[in-house]
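The chain contents come next:
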Amino acid sequence: MEPQRSPLLEVKGNIELKRPLVKVASRLPLPGSRRKRGPDQMEDALEPEKKRTRGLGTTTKIATSRPRAPVLTTVPLTQGQTAAPKVPKKTGPRCSTAVATVLKNQKPGPAVPAQKPGTAAPPMVGGKKPGKRPAWDLKGQLCDLNAELKCCRERTQMLAQENQQLRDQLREAQQQATALGAERRVLEEELVRVRTQAEQGQQELGNLSARVLELEERLGTQEGLVQELQKEQLGLQEERRGLAARLEEQERRLQGSEAALLGSQAEVASLQQKTAAQEALLAERDERLHGLEMERRRLHNQLQELKGNIRVFCRVRPVLPGESTPPPGFLLFPPGPGGPSDPPTRLSLSRSDERRGTLSGAPAPTTRHDFSFDRVFPPGSGQDEVFEEISMLVQSALDGYPVCIFAYGQTGSGKTFTMEGGPGGDTQMEGLIPRALRHLFSVAQELSGQGWTYSFVASYVEIYNETVRDLLATGTRKGQAGECEIRRAGPGSEELTVTNARYVPVSCEKEVEALLHLAHQNRAVARTAQNERSSRSHSVFQLQISGEHTGRGLQCGAPLSLVDLAGSERLDPGLALGPGERERLRETQAINSSLSTLGLVIMALSNKESHVPYRNSKLTYLLQNSLGGSAKMLMFVNISPLEENVSESLNSLRFASKVNQCVIGTAQANRK
C-alpha cells in the first residue's frame, strides 16, 4: 500500500491523470445548528467527472458512501469496445465501493446526470426528504437509518439484477475482450491505483471523522461557553442599559444640581457681601457698644463716687415675737428730702435721762438724738429692698473696683440675717451674700455676649480672738486655726492671701449655698446675755473676681468682701454667766479692739495720714486692699428697736456717724 498523501496532493494527482476527483461532503454543522452527528450519519460522495480517453466517450464514476451501498453507474460504450472484466468489490467497516466498466458494441447513449459537487443524495422516505432530527431524538435517527438501510437493500437487489444482466452481456463481450486486453491491464492498473487512493481517502476520511468528532465535542463545549457568555452578555447589556438610564438620570440631576449650585453660589456671594457688610456693621456696633460699656462704667463709678466711696446705711430690725413693744415715739423715721415718696435718710431716737430727774418726782426729760445716713431702712424693709440699694455697688466689683460691705452692730441687731439671710431656704429671706453672687453671675452672663469672660473664686474665714480660721475647712482640717496666716501672694505683690485656707471656684448659686451652709456650721458662737446664740467672731466672705476681654486684650480684677462683724456691745451687758466668764471677757476685749482699729483705719484714710494702722488688727490687715486706695466701702449699722438696748444702739449710731463723715479719695479700677 502506498503511503498516505494529503488531500491537496491527491487532488493534484487526480487532475494530472484526468481521473475523477473524490470529494467528501463536509461534516461540520451549518451555522445555527447545534446537533452533533456521528460518523454513521455523514455522507461522502464522489462526484463523477466525464473523461475522454483516447477519443472514446468513456466515463468512469467512483462513488463512496458510508451508510449505504455504492450506486453502480452504467455507461454505454461504442461499438467495437469490449467490457472490462468485473473488478472485485472491497467493503470497509462502514462503507462500500463499486467500480464497473461496461463496454458494449453499440452507439453511445445519453450520459447519466451527475450530482452537484459537494452534495450527497439523502435517503428518501415516502418520496420526501426527511428533515433534520435533533441530537436527542435517537429513536427517530434509528428509524431514518432503518429506512435508509431498506432503500440500500432494494438498490442492492436492483444492482444485483443489473449485474446479472451485465454478466450476460459480459459473456457475450468476452470475445471482444482479447483485443482490449492491453487496455484492460492499463485500466486495471489505474483501477488499482484508484483503489489505493480510495483506501487512503477512506483512512483519511476516518481520521477526518475522528477529528470532526473531536472538533464537534470542542464545538459543543465552546457553544456552551458561548451560551454562558451570551447570557452574561445579555445580563451585562441589561445592566449597561440600567446604568445608562441611571447615568442619564444622574446627569439630569447633576445638571439640575449645577444649576442650583450656580444659583446657590450667586446667593452665597450675595450673602457673603451682606455678611461682610453686617460684620462691618457689627464691628462698628461692637466698637460702639464697647465705648458705651466703658462710658457706663465711668458714669457708674462717678455716680458711686457722688454717693460717696464710704457710705453708711442704717437698718432697724423688727420686734420679734416675745419682745416688749417700744413706746410710741421711741424711733422716728422722718421723710426724705423730696418728701414722703423719697426713701428715709434720717433716724431720730428718744431717750429719757434718769439721772436728771427732779426732787418732786416728775418724769425725767426726754432727749432726742438725730442721725443722718445715706439710707435708713425701717423695720418693715425686706431683704430685696436692702439689696436693691447696694446692687449698683456690687456691680462695681465686676468693673474692677474693690468693694467691701460691713454689717456692724450689737449682738442680736440682725447683722448675720442681713448678710446671710434667715434659715429655711426661703428666697425672700436670702441675705446679701447669696443675692450678690446671683447678681454677679447674671451680669457676667450678659457681659459674655460682649466678649467678657469672668471667673469667681470664693473664700470664707473668721477672725476669732485675733486668730484666723477657715470656715470652709472639712475633715481633719477643722479647728486648725493656728495654721492660717495672712501673707502676701508673692514678692512685690499687693494681693493678700490666707495660707492653708480653701479657695473654691464657684459658678452657680448651688455651690454658694453649700459654702454658706458649711461656714455656718463651723463658725464660733456662744450664749450671751444679749442673745441666745451670738457670733463671737468676725466672718469675712471674699470673692475674687477676674475678668478678661480676649478680643481687646483687657483684663480686670477686684475682690468683693462681705463682712459680718462680731457684736459691738460693751463689756458689762455682754458678760456671759457661768464658769466661762473669763473666756467671754477675752472674746469681748478682742472684738472691741478690732472694731476700734477699724474705726482708726477709716479715720486715717479719711485724714490721708501717711501711716494707716492696718496691722493693729487681723481684720483690717486682711481687708487692707478693700478699705483704702481705690476701694468702695459700705457699712450697715444694725440697731435693735427695743428700748432696753438704747445705750448700745446710740453707741453703734455714733460710730456709724463718724464713719459716714469720712471721705476717701477717688476710686481707681484695677485694670491691666
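Residues numbered from 1 in each chain as written. Predicted model: local features only at pLDDT ≥ 70, side-chain atom pairs only at ≥ 80, totals over all residues. Heavy atoms only, no water.

Counting secondary structure elements, the chain contains 12 helices and 19 strands. Within the span of the chain, comprising 672 residues, buried residues form 39% of the whole. Here the contacts in the chain between residues at least 6 apart in sequence split such that 71% fall between residues at least 24 apart. (Helix = DSSP H or I, 4+ residues; strand = E, 2+ residues; numbered from the N terminus. Buried < 20%, exposed > 50% of the residue type's maximum accessible area, 1.4 Å probe, protein only. Contact = heavy atoms within 4.5 Å.)

What follows is about the confidence of the model for the chain. Counting all residues, the mean pLDDT for the chain is 75, and 70% of those residues have values of 70 or more. Of all the helices and strands in the chain, strand β3 (residues 96-98) carries the lowest mean pLDDT, 36, while strand β14 (residues 504-506) carries the highest, 93. This stretch, residues 6-123, has a pLDDT under 50; its non-local contacts, to residues over four places away or in other chains, come to 229 contacts. (pLDDT = per-residue confidence, 0-100.)

With 17 residues, helix α6 (residues 432-448) should reach 24 Å at 1.5 Å per residue; the first-to-last C-alpha distance of 24 Å fits that figure. Where α6 is concerned, the buried positions are Leu-432, Ile-433, Pro-434, Arg-435, Ala-436, Leu-437, Leu-440, Phe-441, Val-443, Ala-444 and Leu-447. (Expected span 1.5 Å × (residues − 1).)

This part is about the packing of α6 against helix α7 (residues 509-522). Two elements in contact, α6 and α7, have axes whose closest approach is 10 Å; the angle formed by their N-to-C orientations is 155°. Considering their axes alone, α6 and α7 lie roughly antiparallel with respect to each other. In terms of crossing hand, the pair formed by α6 and α7 is right-handed. Facing α6, whose interface residues are Ile-433, Pro-434, Leu-437, Arg-438 and Phe-441, α7 presents Glu-509, Val-512 and Leu-516. (Axes fitted to C-alpha atoms, helices over the stretch in contact; angles between N-to-C directions. Parallel < 35°, antiparallel > 145°, perpendicular 65-115°, else oblique. Left-handed = near helix turned anticlockwise from the far one by under 90°.)

Looking now at helix α2 (residues 138-177). For α2, spanning 40 residues, the distance from its first C-alpha to its last is only 51 Å, which falls clearly below the expected 58 Å at 1.5 Å a residue. Of all the bends in α2, the greatest measures close to 40° and is centred on Arg-171. The complete set of buried residues in α2 reads Gly-140, Gln-141, Asp-144, Glu-148, Cys-152, Leu-159, Asn-163, Leu-166, Leu-170 and Ala-173. (Bend = angle between axes of the 7 residues up to and from the residue.)

This brings us to the pairing of strand β4 (residues 310-316). Extensive coverage of β4 is indicated by the burial of seven of its seven residues. Burial along β4 is two-sided: the face carrying Ile-310, Val-312, Cys-314 and Val-316 and the face carrying Arg-311, Phe-313 and Arg-315 are both buried. Judged from the seven bridges that link them, β4 and strand β19 (residues 632-639) form a sheet pairing that is parallel. Bridged to Ile-310 within β19 is Met-633. Of the strand pairs in this sheet, β4 and strand β8 (residues 375-377) are connected by three bridges, and their pairing is parallel. In the sheet register, Cys-314 faces β8, and the bridge partner there is Val-376. (Pairing = 2+ DSSP bridges.)

For Asn-465, which is not glycine, the phi torsion reads 50° and is therefore positive. You can see Asn-465 is positioned in the loop between β10 (452-464) and β11 (467-470). You can call Asn-465 buried: its relative accessible area is 17%.

So, about the packing of aromatic side chains. Summed over the entire model, instances satisfying the criterion amount to eight aromatic pairs. Feature note: the residues Phe-313, Phe-377 and Phe-636 constitute an aromatic cluster, connected by ring pairs. Cation over ring: Lys-632 sits above Tyr-401, and NZ or CZ is 5.0 Å from the ring centre. (Phe/Tyr/Trp six-rings, centres within 6.5 Å; stacked < 30°, edge-to-face > 60°. Lys NZ or Arg CZ within 6 Å of the ring centre and 35° of its normal.)

This part takes up the packing of helix α4 (residues 383-398) against α6. Where α4 meets α6, the axes come as close as 9 Å, and the angle between the chain directions of the two elements is 50°. The orientation of α4 with respect to α6, classified from their angle, is oblique. Viewed along their axes, α4 and α6 form a crossing whose handedness is right-handed. Across the interface between the two elements, Gln-383, Asp-384, Val-386, Phe-387, Ile-390, Ser-391, Val-394, Gln-395 and Leu-398 from α4 touch Leu-432, Arg-435, Ala-436, His-439, Leu-440, Val-443 and Ala-444 from α6.

Counting buried residues along strand β9 (residues 403-409), seven of its seven residues qualify, which places the element largely inside the surrounding structure. Burial along β9 is two-sided: Val-403, Ile-405, Ala-407 and Gly-409 and Cys-404, Phe-406 and Tyr-408, pointing in opposite directions, are all buried.

Turning our attention to the nonpolar core. Counting residues in hydrophobic clusters, the biggest one holds 51 residues, and the most contacted among them are Cys-314, Phe-406, Leu-627 and Leu-653. Among the elements that line this core, the one with the most residues is helix α9 (residues 581-606), at seven residues. (Core = buried A, V, L, I, M, F, W, Y, C linked by side-chain atoms within 4.5 Å.)

So, about the side chain of Gln-542. Relative to the helices and strands, Gln-542 resides in strand β17 (residues 538-549). A distance of 3.2 Å separates a polar atom in the side chain of Gln-542 from a polar atom in the side chain of Ser-561. Contacts of Gln-542, omitting those with residues within four sequence positions, involve Val-457, Ala-458, Ser-459, Leu-560, Ser-561, Leu-622 and Leu-623. (Polar contact = N/O pair within 3.5 Å; in protein donor to acceptor, adjacent residues only side chain to side chain.)

So, about the pattern of salt bridges. Under the definition given, this model contains 13 salt bridges. Between Arg-133 and Asp-137 there is a salt bridge, and its shortest N-O distance comes to 3.4 Å. Judged by its relative accessible area of 29%, Arg-133 falls in the partly exposed class. A residue is classified by how much of its surface remains accessible, and Asp-137, at 19% relative accessible area, is buried. The residue Arg-184 makes a salt bridge to Glu-188 at a minimum N-O spacing of 2.1 Å. Taken together, the residues Arg-184 and Glu-188, both in helix α3 (residues 181-307) and four residues apart, mark about one turn of the helix. A single network of salt bridges, built from pairs that share partners, joins Arg-133, Asp-137 and Asp-144. (Salt bridge = Lys/Arg side-chain N within 4 Å of Asp/Glu carboxyl O.)

In this structure, Pro-337 sits in the loop between β5 (331-332) and β6 (346-352). Pro-337 gets classed as exposed once you look at its relative accessible area, which sits at 79%. For Pro-337, the residues in contact, after removing those within four places along its chain, are Asp-342 and Thr-345.

The residue Ser-350 is located in strand β6 in this model. For Ser-350, a relative accessible area of 9% corresponds to the buried category. A polar contact is formed between the side chain of Ser-350 and the backbone oxygen of Gly-329, at a distance of 3.1 Å. Ignoring sequence-local partners within four residues, the contact set of Ser-350 consists of Gly-329, Phe-330, Thr-366, Thr-367, Arg-368 and Val-646.

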